[in-house]
Amino acid sequence: MRVPVRMPRHTPVAAGAMLVLSACGSPSAQSPLAVGGVTAAPGAVASGTLEVPARGGDNGTVIPVTIVRGRSAGPTLALFAGTHGAEYVPIIALQRLRSALDPATLRGTVIMVHVGNMPSFLGRTVYYSPADGKNLNRVFPGRPDGTLSERIADVMTREIIDRATHVVDLHCGDGNESLRPYTYWITTGDPKVAAASREMALAFGLERIVVDGTRPTDPAASLYLSNTAVTRGKPAITTETGGMALVDEESIALVERGVAGLMRHLGMRDDGPAPVASPIWIKQNEVVRAGATGLFFPAVAKAQAVTKGALIGHITDFHGARVAEIRAPFDGEILYIIGTPPISKGEPVAMIGRSK
Ligand SMILES: [Zn+2]
């Protein structure tokens, strides 16, 4: 594995109120782990907040985290939810996981980021932060002197990704995206990291795995959260379950099952589901974009098979005139489609994938 890049440490990250739920004084192979100012002893669960201080006229924000520190040594698995603030399924799944994980029987450590993008979550925005108009999942590894989204990314990178051995960025369709479940597997960069990421994708258990060979390899311009880990020599995946701002049990269960499968795969727990037996590798995918601004009307549903040239949807102007049609670029399956009317020229309207 590549030696992880260490960014210079500095001190603006302080812990908010820290809550230690349980602590055991028994001898352990592990030492306490501190993330920002949140410290978990071996065999304990600790929750608190990482602070992103105000700067340049914004109010700053907080990142709520939980550390579950096993008594015995093992991998450090970082689970991020809410990188996009209107993606609620992973956020709710981690709320449940927090109380379900038992540090007494865990090998290694789980670090949970409960809501990565608090300005977007509380502001109820899709894609972009209300603080700076940026997409958090396009500004990694972030900047300590940047806009609020860039500073959130910087704190996540330094405090969590740099401490993790394995990273999962848990997404779903954004608040306007109707999505069928799938996992992204990044194939660029170190082949050993890609091979380990592939095993993580299988262990998470979603049948469809998008083979993603387009991510940048420069750790200073990693852009995406999971790619920030990959470019630092750490296996990582991005998962997608749920969408349309819904909180549905079926999608939440897929996240819970996925994390359980990962912990088994990484040797952190003995129990858990087996890896997906018959994965469908999505070798070709395309995000189809809007040719006009206006109102979008989908003509297909998520998971629907389409043939090349089939109508995916159309766009009207604000007086109802049809101004654009969107057609399938190749035979494939709808992985997600925009499910609400607002559309701006250049924005995604659908993602189509094919396995052969
Ligand atoms: Zn997302």
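Because the structure is predicted, anything quoted here is derived from the model rather than measured.

Thresholds applied
Residues numbered from 1 in each chain as written. Predicted model: local features only at pLDDT ≥ 70, side-chain atom pairs only at ≥ 80, totals over all residues. Heavy atoms only, no water. Helix = DSSP H or I, 4+ residues; strand = E, 2+ residues; numbered from the N terminus. Rg over C-alpha atoms; globule rule 2.2 N^0.38 Å. Contact = heavy atoms within 4.5 Å. Areas by Shrake-Rupley, 256 points an atom, 1.4 Å probe, with all protein chains shown as cover. Lys, Arg positive; Asp, Glu negative; His and termini not counted. Charge placed at Lys NZ, Arg CZ, Asp CG, Glu CD. Donors = N, O, S within 2.8 Å, 3.2 Å for Na, K, Ca; no water. Tetrahedral: all angles 85-135°; square planar, octahedral: opposite > 155°, others 65-115°. Buried < 20%, exposed > 50% of the residue type's maximum accessible area, 1.4 Å probe, protein only. Expected span 1.5 Å × (residues − 1). Salt bridge = Lys/Arg side-chain N within 4 Å of Asp/Glu carboxyl O. Pairing = 2+ DSSP bridges. Axes fitted to C-alpha atoms, helices over the stretch in contact; angles between N-to-C directions. Parallel < 35°, antiparallel > 145°, perpendicular 65-115°, else oblique. Left-handed = near helix turned anticlockwise from the far one by under 90°. Nonpolar A, V, L, I, M, F, W, Y, C, P; charged D, E, K, R; others polar.

> Describe the overall build of the chain, naming the residues involved and giving the relevant values.
The helix and strand tally for the chain stands at six helices and 21 strands. Taken against the 2.2 N^0.38 rule, which gives 21 Å for 356 residues, the C-alpha radius of gyration of the chain at 20 Å falls within 12% of a compact globule. Each of the three principal axes of the chain carries a C-alpha extent, and together these read 70 × 50 × 35 Å. Considering only intrachain contacts with a sequence separation of at least 6, the fraction spanning at least 24 residues in the chain is 71%. Accessible surface for the chain amounts to roughly 14000 Å². Of this, 55% is attributable to carbon and sulfur atoms. Each charge class in the chain can be summarised by its mean position, and for the 35 positive and 31 negative side chains these summaries are 4 Å apart.

> How would you explain the coordination of the zinc ion if you had to name every residue and give the values?
Coordination of the zinc ion by the protein comes from His84 (ND1), Glu87 (OE), Glu87 (OE) and His171 (ND1), over a distance range of 2.1 to 2.5 Å. Because the angles between the four donor atoms bound to the zinc ion fall within 56 to 139 degrees, the donor set is best described as irregular. One chain supplies every donor for the zinc ion, spaced along it as H-x2-E-x83-H. Taken together, the positions of Glu87 in the loop between strand 6 (72-81) and helix 1 (88-100) and His171 in strand 8 (residues 166-171) put the pair 84 residues apart, joining distant regions of the chain. Taking the relative accessible area as the measure of exposure, Glu87 reaches 2% and is therefore buried.

> Describe in detail helix 3 (residues 148-160), supporting the description with residues and values.
Between its terminal C-alpha atoms helix 3 stretches 17 Å, which fits the 18 Å expected from 13 residues at 1.5 Å a residue. Summarising burial for helix 3: 13 of the 13 residues are buried, a large majority.

> Would you mind going over the side chain of Asp169 in detail, with residue names and values included?
Among the secondary structure elements, Asp169 is positioned in strand 8. Although Asp169 is buried, it makes no salt bridge; Arg138 carries the closest opposite charge, 7.9 Å away. Residues within four places of Asp169 in sequence aside, it is in contact with Phe80, Thr83, Asn137, Leu225, Ser226, Ile237, Thr238 and Thr239.

> So what's going on with the pairing of strand 17 (residues 311-316)? Residues and values would help.
Most of strand 17 is tucked away: five of the six residues are buried. Here four bridges tie strand 15 (residues 294-298) to strand 17, and the two strands are oriented antiparallel to one another. Residue pairing across strands places Phe297 opposite His314, the latter belonging to strand 17. Note: strand 17 against strand 18 (residues 322-327), five bridges, orientation antiparallel. What sits directly across from Thr316, in strand 18, is Arg322. As consecutive antiparallel partners, strand 17 and strand 18 are separated by five residues, and within that stretch Gly320 has a phi angle of approximately 95 degrees, a positive value.

> Go over the packing of helix 1 against helix 6 (residues 249-265) with me, naming the residues and quoting the values.
At a minimum axis distance of 9 Å, the contact between helix 1 and helix 6 shows a crossing angle of 55 degrees. Classified by the angle between their axes, helix 1 and helix 6 sit oblique to one another. For the crossing formed where helix 1 meets helix 6, the hand is right-handed. Touching Val89, Ile92, Ala93, Arg96 and Leu97 of helix 1 are Glu249, Ser251, Ile252, Val255, Glu256 and Val259, all from helix 6. Of the residues in the contact of helix 1 with helix 6, the class split is seven nonpolar, one polar and three charged.

> I'd like a description of the environment of Leu295, backed by residues and values.
Checked against the element boundaries, Leu295 lands in strand 15. Beyond its immediate stretch of four places on either side in the chain, Leu295 contacts His314, Ile315, Thr316, Asp317, Phe318, Pro341 and Ile343.

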